[in-house]
Amino acid sequence: MTPGAAKQGFFITGTDTGIGKTLVAVALTHALVARGLRTAVMKPVAAGAMPTPEGPRNDDALELLDASNVKAPYEDVNPWLLTTPAAPHLAARNDGVTIGVEKIVAAHVRLAANSDLVIVEGAGGWLAPISSIATMADVAEKLALPVIFVVGMRLGCLNHALLTREAIRSSGLPFAGWIANKMHHEMPLVSANIDTLASRFGVPPLGIVPSGSGGGGGGGGGGWGGPANPRAPESPPGTARRRAMGGRGRKKARKCLSAPAKSLV
């Protein structure tokens, strides 16, 4: 990774929704902040909103903001907030809007101007549709950031991971590395699966998130497989999800990703 590329930030993608992208993005943000870097965060597209005193907000975006040491308007952190927890292009259609990449790029420019780097978390997988023609890959390409790829280690992940890696390669964007997330429950032969991906990718994972650390809950937050109302409206922003994930698990993730953060920048 070149110093110039590292200063721009990173785009976090994954094999699917609910595989720990937010977990990894938050942990990396904490690690970079601990190194004294002004680390801004961004969730360009988020499907699933909850009411707060400040207006509608998305849980993943709030978690990212909690980890960041750069103050920024919520609208820059999350330019496209969609009401329904569904695939972004469908949630946008339901809200009567069309997601435009230009709004995302403009917000990113403002965030980058006031930070050393920006951690950008995608929605769903690499090719998740955001409009009738665009996907999350188009967002990543417009932002021109190195890509960090999170693999949720569960049955079927090898095919998903290899297809996603090939799509990232085809985009021409720098590949900063990949992270294996063992999810809530460790799959059979997980080490052999990780070794298989390391062999196919040609590089070992930047880090391995231990099982039970959080992430991979099967929707909710910024994913679109969870319940329509994953949180009671009276809950303060972010508290219910953080209680569900567990502070101990989050600390595990931060610990295992602190060394990768040093190598990335």
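We now turn to the structure provided with this report. (Residues numbered from 1 in each chain as written. Predicted model: local features only at pLDDT ≥ 70, side-chain atom pairs only at ≥ 80, totals over all residues. Heavy atoms only, no water.)

**What about the environment of Thr15?**
- Along the chain, the position of Thr15 falls in the loop between strand S1 (9–14) and helix H2 (21–34).
- Thr15 sits in the buried class, given a relative accessible area of 13%.
- Taking C-alpha positions, Thr15 is 5.3 Å from Gly125, a pair spaced 110 residues apart along the chain.
- Non-local contacts of Thr15, meaning those with residues more than four positions away in its chain, are made with Phe149, Val150, Val151, Gly152, His160, Ala161 and Thr164.
- A distance of 3.4 Å separates a polar side-chain atom of Thr15 from the backbone nitrogen of Gly152. (Helix = DSSP H or I, 4+ residues; strand = E, 2+ residues; numbered from the N terminus. Buried < 20%, exposed > 50% of the residue type's maximum accessible area, 1.4 Å probe, protein only. Contact = heavy atoms within 4.5 Å. Polar contact = N/O pair within 3.5 Å; in protein donor to acceptor, adjacent residues only side chain to side chain.)

**Remarks on the packing of helix H8 (residues 157–171) against helix H9 (residues 190–201)**
- Taken N-terminus to C-terminus, the directions of H8 and H9 make an angle of 20°; their axes are 11 Å apart at the nearest point. As judged from the angle between their axes, H8 and H9 are roughly parallel. For H8 against H9, the interelement crossing comes out right-handed. Between H8, through Leu158, Ala161, Leu162 and Arg165, and H9, the contact on the second element is made entirely by Asn193, Thr196, Leu197, Arg200 and Phe201.
- Among the residues forming the contact of H8 with H9, the class breakdown is five nonpolar, two polar and two charged. (Axes fitted to C-alpha atoms, helices over the stretch in contact; angles between N-to-C directions. Parallel < 35°, antiparallel > 145°, perpendicular 65-115°, else oblique. Left-handed = near helix turned anticlockwise from the far one by under 90°. Nonpolar A, V, L, I, M, F, W, Y, C, P; charged D, E, K, R; others polar.)

**Side note on the sheet that holds strand S2 (residues 39–42)**
- As summarised here, the arrangement of the six strands in space is S2-S5-S1-S6-S7-S8, forming an open sheet in which the pairing is parallel. Looking at which strands have only one partner, the edges of the open sheet turn out to be S2 and strand S8 (207–209). Shown here is a sheet whose adjacent strand axes are inclined to one another by a mean of 20°, direction ignored.
- Taken together, the four bridges between S2 and strand S5 (residues 117–121) define a ladder with parallel strand orientation. Within S5, the residue paired with Met42 across the bridge is Val120.
- Sheet contacts for H9: strand S6 (147–152), strand S7 (175–181) and S8; angle to S7, the most-contacted strand, approximately 170°. (Pairing = 2+ DSSP bridges.)

**Some details on the nonpolar core**
- If you look at the biggest cluster of nonpolar residues, it comprises 45 residues, and the most contacted ones within it are Met153 and Trp178.
- Excluding residues within four positions of it along the chain, Trp178 makes contact with Phe149, Val151, Ile194, Leu197, Ala198, Phe201, Val203, Pro204, Pro205, Leu206 and Gly207.
- By size, the runner-up hydrophobic cluster in this structure holds 30 residues, among which are Ile19, Ala25, Leu62 and Leu264. (Core = buried A, V, L, I, M, F, W, Y, C linked by side-chain atoms within 4.5 Å.)

**A look at H8**
- The terminal C-alpha atoms of H8, which comprises 15 residues, lie 21 Å apart, in line with the 21 Å expected from a rise of 1.5 Å per residue.
- The complete set of buried residues in H8 reads Cys157, Ala161, Thr164, Arg165 and Ile168. Projected down its long axis, H8 shows its buried positions confined to an angular sector of 105°, all on one face. More than 90 degrees from the buried face of H8, the exposed residues found are Leu163 and Ser170.
- Each element contacted by the buried residues of H8 is listed here: S1, S6, S7 and H9.
- Just past H8, the residue Gly172 takes up positive phi, approximately 85°. (Expected span 1.5 Å × (residues − 1). Arc of directions from axis to C-beta.)

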